[in-house]
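Residues per chain, in single letters:
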Amino acid sequence: KTGRNWDLLLFVKVLAKWLLLLSLFPLVHGGKFMEIEGVSAAPGTSFGDSLTGNAASCQDACDKEMSCDCALFDPLHGSCKMQADCLYFHPDYEGGGNLELYIKLPPHSWPFSVFPGTNANRDGQDVTVDKKGMTEQDCVDLCYQSTDCQCAVLLTKDRWSSADDHCWLQSKCHPEGFKQMNHAQEYITFVKDPKFGGFYETGSGSPVMLIICLVLVLLLFVVVTALVLYYMRNKGRAYRAILQDLAVPKEENSRKEYAKEQLLSSFSRKSGVGYLSSLELALEAKVRNSDIPCVYSLHKVPETFKAPQIDTSVTNLKVQLCFVLDYTGSMKTQIAQAKDSVSKIIEAMKKVKVVSLPNAAIDVEMAAVAYFDWDTETRKLGRPVVSVFGGSEVKEEHSDTLTPDKFRQLGGVWTKDTKALEKWIDQGLGHGGKVPEELTGALLAAASLKWNADEKLMVVITDAPCHGKDYSKVDHDSFCHKTTGLTCTGRPEEPLQGLMAQGVTTVILHTGEAAAVSMCRKLQQTDPMLIHEKVSPSQTAQKVVSVLESKVQIQPLTYILKPLRLPDEAPTSALICETVVATGPDLATNTSIEVEASGKKESMMVGSDGLLFLGTNTSNPKVTLNRPAMSGLDQWFDSNSDQVELDRIFDAEKSYLLKVPIKSQAES
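My aim in this report is to walk through the structure given alongside it, one point at a time. (Residues numbered from 1 in each chain as written. Predicted model: local features only at pLDDT ≥ 70, side-chain atom pairs only at ≥ 80, totals over all residues. Heavy atoms only, no water.)

## Comments concerning the overall build of the protein chain
Secondary structure assignment for the protein chain yields 15 helices and 25 strands. Counting the 668 residues in the protein chain, one finds 46% classified as buried. Restricting the contact set of the protein chain to residue pairs at least 6 apart, pairs at least 24 apart contribute 74%. When the accessible surface of the protein chain is summed, it comes to about 32900 Å², and 52% of that surface belongs to carbon and sulfur atoms. (Helix = DSSP H or I, 4+ residues; strand = E, 2+ residues; numbered from the N terminus. Buried < 20%, exposed > 50% of the residue type's maximum accessible area, 1.4 Å probe, protein only. Contact = heavy atoms within 4.5 Å. Areas by Shrake-Rupley, 256 points an atom, 1.4 Å probe, with all protein chains shown as cover.)

Structure representation (structure tokens):
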């Protein structure tokens, strides 16, 4: 179920255990005891330590222990001793004591009270006279099936040397009148118990019952195997099980059509887990993205859901801005514009008035990180891999022995000296080798700066992606890992999460190359508030000022619409132990979304699972969120978000921000 974790492997183990016990129930030895009081000792082999308790717990302990045939209970001391090799049909014990002997009886005797060494022939009336050649099992079965029979008497050894056993069925049996006869040790009498209401199957010791038990075990094996196959991931998938693939056609076109049918079926049922299971098959079958119905999960950005506070006592608002600049060969114009924007940003921010802090002046301090790459040409030019303003740099050749800590220890300072920062920015370019560059090392250095301002912003200016084949499809350098395309600095998500934890907003300004856009969308899965835009070099200062100004103002209530997508990494477990689709305190549920597509408007509801089943459209749908009423926020914010246009084609990498603006009268 959505939002719950199930250890299905444990479930299957427990189910198998109990089904196996149930299937073998008719063969189990135990469940009822013959009680003999006034015993001083009993033969048999004692085992285990003495137990403490009462008579009932003593019987329970023996019943659960398969090797226990009888239990000797001492009521004065509350002690119990279990024994093996006790015979219920010929109990041998010594009287004259205060102990209680409980002898375990076989299942066929459970509907009877058992009296060994006793002959009831003289006290009852015959129903069946002296049936020869019958076993104990046959004798009691015959009595149990007869409505007239009240007791069965079995002679297992004839003193007159007869080769056959003898069985008599009697009515009007009265145990209190049974005669203890000389030489009656070979007799045993079974008297029907009118209170017996348990399970009893005649012939439970016969080959037929054994066959039934084996069939039950076989059925159990089939059921457990089916369960395991249904929950076992197929080919490293996250949601699709082996059993689900048995019906999938092998022929390519048929496979595509089957996958599309499965997608539409799960979509119509509004099943998130079913949709993801079908999505795995659809992507493998290369179903066109335009044929995949779009499903989104809706989330709140918690830090924006706070009632604004107007504070006239604050006179200074500290802002930190860090530039992370790509210094590879193609970035000459962008670096020049970044240098020229430093003073412009400082001057522009001096004029900004903060709505919630009307008496505050904005105090901006800056830092910068430069990054290049590990290629030979850059090293020949004497340029570093990563360098930090006011700190140190990394200039070594790439090696697997280098760790991310090398980049975290580069230091760096914040400054208000625009001239010093402009001079540092005006440094030589490197080469760069293949398209991806060492952005991850620069992010590690930036995340390690001392971020302590009221508002924090990091601006990356680049025209290329970071290293890693998950972030773009371009060729990688030879020093990168052959499989992952990563370098010794690892994945960029790790420093990005560090920046998020410190409240830093990340902005990536790029030149629109597909590889850079692909990287930005991938990083937005980690930081949905990450801003990325295609910006011409001349617009750099204007864009940074715009982002900074919006950051210091009251933030709109912000929701994130994320495509329901498959996980990036294959599961470590073979079983589908986790079917969670979307969870967390930020999950937005029971929220209305107005959808406008192909000239029609429709109101859709995000369900209790936080999912919006949007489907396929012939044109890009435009959505507006109608937020529920919220105490303390209604006086500040509108009821509806700004309209956002979504891509009509399924795109697993693209998320959308739905922002509910502040009311104009509230701002004034």
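## Some words on the environment of Gly632
Position of Gly632 among the secondary structure elements: in the loop between strand E23 (622-626) and strand E24 (644-645). In this structure the C-alpha to C-alpha distance between Gly632 and Pro308, which are 324 residues apart in sequence, comes to 9.1 Å.

## Things to note about the side chain of Lys32
The topology assignment puts Lys32 in the loop between helix H1 (8-23) and strand E1 (33-41). Among the polar contacts listed, one links the side chain of Lys32 to the backbone oxygen of Trp110, at a separation of 2.7 Å. (Polar contact = N/O pair within 3.5 Å; in protein donor to acceptor, adjacent residues only side chain to side chain.)

## Re the sheet that holds strand E16 (residues 455-461)
Backbone hydrogen bonds are what pair the strands of a sheet, in a parallel or an antiparallel way. Judged by pairing direction, the sheet is mixed, and its seven strands sit side by side in the order E15-E14-E13-E12-E16-E17-E18 without closing on themselves. This sheet does not close on itself; its edge strands, each paired only once, are strand E15 (393-394) and strand E18 (531-534). Against the sheet, helix H11 (residues 439-447) engages strand E12 (316-326), strand E13 (361-371), strand E14 (386-388) and E16, with an angle of about 140 degrees to E13. (Pairing = 2+ DSSP bridges. Axes fitted to C-alpha atoms, helices over the stretch in contact; angles between N-to-C directions.)

## So, the packing of aromatic side chains
Counted by the stated rule, this structure contains 11 aromatic pairs. Seen from their ring centres, Phe267 and Phe613 are 5.6 Å apart, and the 70 degrees between their planes marks the pair as edge-to-face. Of this pair, Phe267 sits in helix H5 (residues 252-269) while Phe613 sits in strand E22 (residues 611-615), and the two are 346 residues apart along the sequence. Note on accessibility: Phe267 and Phe613 belong to one class, buried. Here Phe305 and Tyr559 contribute two aromatic rings whose centre-to-centre distance is 5.3 Å and whose plane-to-plane angle is 90 degrees, an arrangement assigned as edge-to-face. Residue Phe305 is located in the loop between strand E11 (294-300) and E12, and its partner Tyr559 is located in strand E19 (residues 557-563); the two are separated by 254 residues in the primary sequence. We classify Phe305 as buried; its relative accessible area is 18%. Joined through ring pairs, the aromatic side chains of Phe112, Tyr144 and Phe190 make up one cluster. The residue whose ring lies beneath Lys300 is Phe305, and the NZ or CZ to ring-centre distance is 5.4 Å. (Phe/Tyr/Trp six-rings, centres within 6.5 Å; stacked < 30°, edge-to-face > 60°. Lys NZ or Arg CZ within 6 Å of the ring centre and 35° of its normal.)

## Some thoughts on the pairing of strand E8 (residues 151-155)
A large share of E8 lies buried, amounting to five of its five residues. Burial along E8 is two-sided: the face carrying Cys151, Val153 and Leu155 and the face carrying Ala152 and Leu154 are both buried. In this structure, E8 lies alongside strand E9 (residues 166-171), joined through five bridges in antiparallel fashion. Residue pairing across strands places Ala152 opposite Leu169, the latter belonging to E9. By the bridge criterion, five bridges tie E8 to strand E10 (residues 187-192) in an arrangement that is antiparallel. Each residue of the ladder has a partner; that of Val153, found in E10, is Thr189.

## Some words on the environment of Leu657
The topology assignment puts Leu657 in strand E25 (residues 656-660). C-alpha separation for the pair Leu657 and Met529, spaced 128 residues apart in sequence, amounts to 8.0 Å. For Leu657, the contacting residues outside a window of four places in its chain are Pro528, Met529, Thr558, Tyr559, Ile560 and Val644.

## Some details on the state of the cysteines
Applying the stated criterion across every chain yields a total of six disulfides. Each sulfur in the disulfide pair Cys62 and Cys68 lies 2.1 Å from the other. Every disulfide takes its handedness from the sign of the S-S torsion; for Cys62 and Cys68 that torsion is -100 degrees, giving left-handed. There is a disulfide in this structure between Cys143 and Cys149, and the S-S distance comes to 2.1 Å. (Disulfide = S-S within 2.5 Å.)

## Quick look at the pattern of salt bridges
Inspection of the entire model under this criterion finds 22 salt bridges. For Asp193, the salt bridge is made with Lys32, and the minimal N-O distance between the two is 3.5 Å. Taken as a pair, Asp193 in the loop between E10 and helix H4 (207-231) and Lys32 in the loop between H1 and E1 lie far apart in primary sequence, 161 residues in all. Put simply, Glu396 and Lys406 hold a salt bridge, and the shortest N to O gap is 3.0 Å. A residue pair is termed long-range when its members are at least 10 positions apart, and Glu396 in the loop between E15 and helix H9 (405-408) and Lys406 in helix H9 qualify at 10 residues. Judged by its relative accessible area of 31%, Glu396 is partly exposed. Each of Glu257, Lys260, Arg288 and Asp291 takes part in salt bridges that share partners, so that together they form one network. (Salt bridge = Lys/Arg side-chain N within 4 Å of Asp/Glu carboxyl O.)

## Examining the side chain of Lys543
Inspection of the secondary structure assignment puts Lys543 in helix H14 (residues 540-552). Residues in contact with Lys543, not counting those within four places in the same chain, are Leu509, Glu533 and Val535.

## Some words on the packing of helix H7 (residues 332-350) against H14
Between H7 and H14, whose axes approach to 8 Å, the crossing angle comes to 40 degrees. Looking at the two axes, H7 sits oblique to H14. H7 and H14 meet at a crossing whose hand is right-handed. Side by side, H7 and H14 meet where Gln337, Ser341, Lys344, Ile345, Ala348 and Met349 of the first sit next to Thr540, Ala541, Val544, Val545, Leu548 and Glu549 of the second. Split into classes, the residues belonging to the contact of H7 with H14 amount to seven nonpolar, three polar and two charged. (Parallel < 35°, antiparallel > 145°, perpendicular 65-115°, else oblique. Left-handed = near helix turned anticlockwise from the far one by under 90°. Nonpolar A, V, L, I, M, F, W, Y, C, P; charged D, E, K, R; others polar.)

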